[in-house]
Amino acid sequence: MEPGAAELYDQALLGILQHVGNVQDFLRVLFGFLYRKTDFYRLLRHPSDRMGFPPGAAQALVLQVFKTFDHMARQDDEKRKKELEEKIKKKEEEAKAVVAATVEKEAVPVPVQEVEIDATADLSGPREVEKLESPGPQGPEHKVANVLEEAEAPGTVSSAAEGPKDPPVLPR
């Protein structure tokens, strides 16, 4: 049968399938047609017979056609499976790329300087605040240092009655 010829019969066969409602009944209609209108089930008993098939030949023919289309169906299944796996893999790679791009955009800045605070230091004496100079523009941490420096200039003594002050709230 020619490759395009199968589509010629699709409408007729689809109409039959829709009319009977399921594949089992469709096969009954198909094999019933072969029984009633052809020599498909007729056996050749003598060499002089002109119609029919040798014993087992009709069944072998049906099995051979079945296996051909079964093989095609398995190949189609494998192809669909590979395509689905490729789509899933592509989506996973795209998701990883999005996550990587997001991480790069939200990079944590490197600290300019680390400061240790000694909790056992004597708070009653004068406090000195070291002014930091950084090569870049002054950020919020430098403004806080300047505010602390202005609040208690070096050499001033805070009264013991006042007690330690709460540290200023840093802007976010």
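Residues numbered from 1 in each chain as written. Predicted model: local features only at pLDDT ≥ 70, side-chain atom pairs only at ≥ 80, totals over all residues. Heavy atoms only, no water.

Let us look at the packing of aromatic side chains. Per the counting criterion, the structure on display carries 4 aromatic pairs. When the ring of Y35 is compared with that of Y41, the centres are 6.1 Å apart and the planes differ by 65°; the resulting orientation is edge-to-face. Between the aromatic rings of F40 and F53, the centroid separation amounts to 5.8 Å while the plane-to-plane angle is 75°, which identifies the pairing as edge-to-face. Placement of F40 in the loop between helix 2 (23-37) and helix 3 (57-105) and of F53 in the loop between helix 2 and helix 3 is noted, with a sequence separation of 13 residues between them. Taking the relative accessible area as the measure of exposure, F40 reaches 10% and is therefore buried. For F53, a relative accessible area of 24% puts it in the partly exposed group. (Phe/Tyr/Trp six-rings, centres within 6.5 Å; stacked < 30°, edge-to-face > 60°. Helix = DSSP H or I, 4+ residues; strand = E, 2+ residues; numbered from the N terminus. Buried < 20%, exposed > 50% of the residue type's maximum accessible area, 1.4 Å probe, protein only.)

Another aspect to go through is the packing of helix 1 (residues 6-20) against helix 2. Relative orientation of the contacting elements helix 1 and helix 2 amounts to 125°, with a least axis distance of 8 Å. As judged from the angle between their axes, helix 1 and helix 2 are oblique. Helix 2 is crossed by helix 1, and the crossing has right-handed handedness. Across from L13, I16, L17 and V20 in helix 1, the residues of helix 2 making contact are V23, D25, F26 and V29. (Axes fitted to C-alpha atoms, helices over the stretch in contact; angles between N-to-C directions. Parallel < 35°, antiparallel > 145°, perpendicular 65-115°, else oblique. Left-handed = near helix turned anticlockwise from the far one by under 90°. Contact = heavy atoms within 4.5 Å.)

Side chains of E78, E83, E85 and E86 sit close together on the surface and give a patch of like negative charge. Tracing the chain through its elements places E86 in helix 3. (Patch = residues over 30% accessible without salt bridge, like charges linked within 9 Å, V, L, I, M, F, W, Y side chains within 5 Å. Areas by Shrake-Rupley, 256 points an atom, 1.4 Å probe, with all protein chains shown as cover. Salt bridge = Lys/Arg side-chain N within 4 Å of Asp/Glu carboxyl O. Lys, Arg positive; Asp, Glu negative; His and termini not counted. Charge placed at Lys NZ, Arg CZ, Asp CG, Glu CD.)

Here, UniProt's "coiled-coil region" (unreviewed entry) annotation points to residues 74-101. For residues 74-101, the helix share is 100%, the strand share is 0%, and the end-to-end C-alpha distance is 40 Å. (UniProt positions renumbered as here; feature names shortened; annotations may be inferred.)

All told, the structure shown has 4 salt bridges when counted by the stated rule. When the shortest N-O distance is used, the salt bridge between R28 and D25 registers 3.8 Å. Of this pair, R28 and D25 both sit in helix 2, 3 residues apart, which is roughly one turn of the helix. Each of D70, R74, D77 and R80 takes part in salt bridges that share partners, so that together they form one network.

With that settled, the discussion passes to the confidence of the model for the protein chain. Averaged over every residue, the pLDDT of the protein chain is 79; the share at 70 or more is 72%. Per-element averaging of pLDDT across the protein chain places helix 4 (residues 140-151) at the bottom with 50 and helix 2 at the top with 96. (pLDDT = per-residue confidence, 0-100.)

Below, the discussion takes up helix 1. Taking 1.5 Å as the rise per residue, helix 1 with 15 residues should run 21 Å; its terminal C-alpha atoms sit 21 Å apart, in good agreement. Maximum bend of helix 1: about 30°, positioned at A12. After helix 1 finishes, the residue G21 shows a positive phi value of roughly 95°. (Expected span 1.5 Å × (residues − 1). Bend = angle between axes of the 7 residues up to and from the residue.)

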